[in-house]
Amino acid sequence: MNFPTNTPPPNTPPPSTPPPGTPIETTLGEQLLLLSLDDESGSEKQSANVAFAIAAASLVELALAGRVEVDGDRVTVRDAAPLDDPTLDAALADLSGQDKRGPRTTKAWIEHLKKGAVAGTTRSLVAKGLVREETKKVLGLFPVRRYPEADGSVESALRRRLDEIVMRGAAPDERTASLVALLHGAKLHGLLYEKPELATAKVNMETVAHGQWAGPAVRQAVKAAEDALTTIVVLTVVTTVVGN
């Protein structure tokens, strides 16, 4: 049977739907969020630190794609062309719009991008079918959204890869090493390991984070993000302790 031009045959999936069995690609921010979500309850572990790490991951992704450059601790947009990723494109547009006022520090951008980055990353994981959104009421009154696991294959593969690098000494690729650096900078080692492995994992993750696994431009961006995360996390802890 012939079908009219531009009309897909019946039961044909939309163009954006990957064929069955196609690996699901994830951004660094999505990987961080997957690692932080409890598979069954959908609640987020260390949510404050994770939120900052996801925002930092947006800057690292843009640096990896050649869209931004980090000189010392200053972020500058080099190419405003979108990447066809809603969360990263929103971050890039934000940076581009503010860039006219002059470069801002990595720390300032991480704090600025935090809210939008987390919300966009969550929507993306739902759209990719990796988590599902559930609304529950706390004390029977207050609605709270949770994101339990829908497809655990991506997270399982990610954890295996991270373990090979962190605990077994496998050579890291650029993206996975960047993820390790973000986890280390945000003090999120506990998302991967518990005692008694935790102490060793911290040392090994620091070694990976500071390794020579990328070109100078990317290493500078990742280091700036890692340093900014460490500062933010320490300040958050101090503020919380003083406030209590």
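This report concerns the structure included in the present document. (Residues numbered from 1 in each chain as written. Predicted model: local features only at pLDDT ≥ 70, side-chain atom pairs only at ≥ 80, totals over all residues. Heavy atoms only, no water.)

1. Observations regarding a nonpolar patch on the surface
Definition in use: Each patch groups residues whose relative accessible area exceeds 30% and which form no salt bridge, using 9 Å between like charges and 5 Å between nonpolar side chains of Val, Leu, Ile, Met, Phe, Trp and Tyr. Here, Shrake-Rupley sampling with a 1.4 Å probe gives the accessible areas, and only protein chains in the shown set may cover a residue. Whenever a carboxyl oxygen of Asp or Glu lies within 4 Å of a side-chain nitrogen of Lys or Arg, that contact is scored as a salt bridge. Helix and strand assignments come from DSSP, with helices taken as H or I runs of at least 4 residues and strands as E runs of at least 2, each series counted from the N terminus.
Judged by side-chain polarity, Val138, Leu139, Leu141 and Phe142 come together as a nonpolar surface patch covering roughly 450 Å² of accessible area. If you trace the backbone, valine 138 turns up in strand β4 (residues 134-138).

2. A short note on the pattern of salt bridges
For clarity, the threshold we go by: Burial classes follow relative accessibility: with a 1.4 Å probe on protein chains only, a residue under 20% of its type's maximum area counts as buried, one over 50% as exposed, and anything between as partly exposed.
Counting across every chain of the model gives twelve salt bridges. A salt bridge links arginine 161 to glutamate 164; the shortest N-O distance between them is 3.6 Å. Here arginine 161 and its partner glutamate 164 are both found in helix α5 (residues 153-166), three residues apart, which amounts to about one turn of the helix. Judged by relative accessible area, which is 26%, arginine 161 ranks as partly exposed.

3. Side note on the pairing of strand β5 (residues 142-146)
Note the cut-off: Should DSSP find at least two bridges between two strands, the strands are taken to pair.
Sparse coverage of β5 is indicated by the burial of zero of its five residues. The pairing of β4 with β5 spans five bridges and is antiparallel. What sits directly across from lysine 136, in β5, is valine 144. Joining the antiparallel neighbours β4 and β5 is a turn of three residues, in which leucine 139 adopts a positive phi near 60°.

4. With respect to the packing of helix α2 (residues 47-64) against helix α4 (residues 106-127)
The angle between the axes and the distance between the axes are what describe a pair of packed helices. For clarity, the threshold we go by: In this analysis an axis means a line fitted to C-alpha atoms, helices contributing only their contacting stretch, and an angle means the value between N-to-C directions, from 0 to 180 degrees. Between 65 and 115 degrees an angle is taken as roughly perpendicular, under 35 as roughly parallel, over 145 as roughly antiparallel, and anywhere else as oblique. By the convention used here, residues are in contact when the closest approach between their heavy atoms is within 4.5 Å. Residue polarity is assigned by list, with Asp, Glu, Lys and Arg as charged and Ala, Val, Leu, Ile, Met, Phe, Trp, Tyr, Cys and Pro as nonpolar; anything else, Gly included, falls into the polar class.
Contact geometry for α2 and α4: axes closest at 7 Å, N-to-C directions at 105°. The orientation of α2 with respect to α4, classified from their angle, is roughly perpendicular. Here Ala51, Phe52, Ile54, Ala55, Ala56, Ser58 and Leu59 of α2 come into contact with α4, specifically with Thr106, Trp109, Ile110, Glu111, Leu113, Lys114, Ala117, Val118 and Thr121. Class assignment for the residues of the contact of α2 with α4 results in eleven nonpolar, three polar and two charged.

5. Re the nonpolar core
Where we set the bar: In this description, a nonpolar core means a group of buried Ala, Val, Leu, Ile, Met, Phe, Trp, Tyr and Cys residues linked to one another through side-chain atoms lying within 4.5 Å.
Among the nonpolar cores identified, the biggest contains 66 residues, and Leu32, Val68, Leu95, Ile110, Leu182, Leu183 and Leu229 are the most heavily contacted of them. Leucine 183 has contacts with Leu32, Leu35, Leu188, His189, Leu191, Leu192 and Met205, leaving out every residue within four places of it along the chain.

6. Quick look at the environment of aspartate 38
Under the convention used in this document: Each polar contact in these results corresponds to two N or O atoms within 3.5 Å; when the atoms are within protein, one needs to be able to donate a hydrogen and the other to accept it, and residues that are neighboring in sequence are counted only if both atoms are side-chain atoms.
Considering the arrangement of structural elements, one finds aspartate 38 in the loop between α1 (28-36) and α2. Here the side chain of aspartate 38 touches glutamate 40 through a polar contact of 3.1 Å, landing on its backbone nitrogen.

7. Digging into empty space enclosed by the protein
Gaps left between atoms show up when a probe the size of a water molecule is rolled over them. Quick note on the threshold: Space inside and on the surface of the protein is sampled on a 1 Å grid over the protein atoms alone, with a cavity defined as a set of points where a 1.4 Å probe fits but cannot get out and a pocket as an open set with protein on both sides within 12 Å along at least 5 of 7 lines; lining residues have an atom within 4 Å of a point. Grid points are joined across faces, edges and corners, and a volume is the space filled by probe spheres set on the points.
In total, this model carries three cavities of 30 Å³ or more according to the counting rule given. The volume enclosed by the largest cavity comes to roughly 60 Å³. Lining the largest cavity are Thr27, Leu28, Gly29, Glu30, Ile54, Ala57, Ser58, Glu61, Asp85, Thr87, Leu88 and Thr121. Those elements that place two or more of their residues in the lining of the largest cavity are α1, α2 and α3 (86-98). It is α2 that provides the largest number of residues to the lining of the largest cavity, a total of four residues. Grouping the constituent residues of the lining of the largest cavity by class yields four nonpolar, five polar and three charged. Around the second largest cavity, the lining residues are Leu34, Leu37, Asp38, Asp39, Leu130, Val131, Tyr147, Pro148, Glu149, Asp151 and Glu155. Residues belonging to the lining of the second largest cavity are distributed by class as follows: six nonpolar, no polar and five charged.

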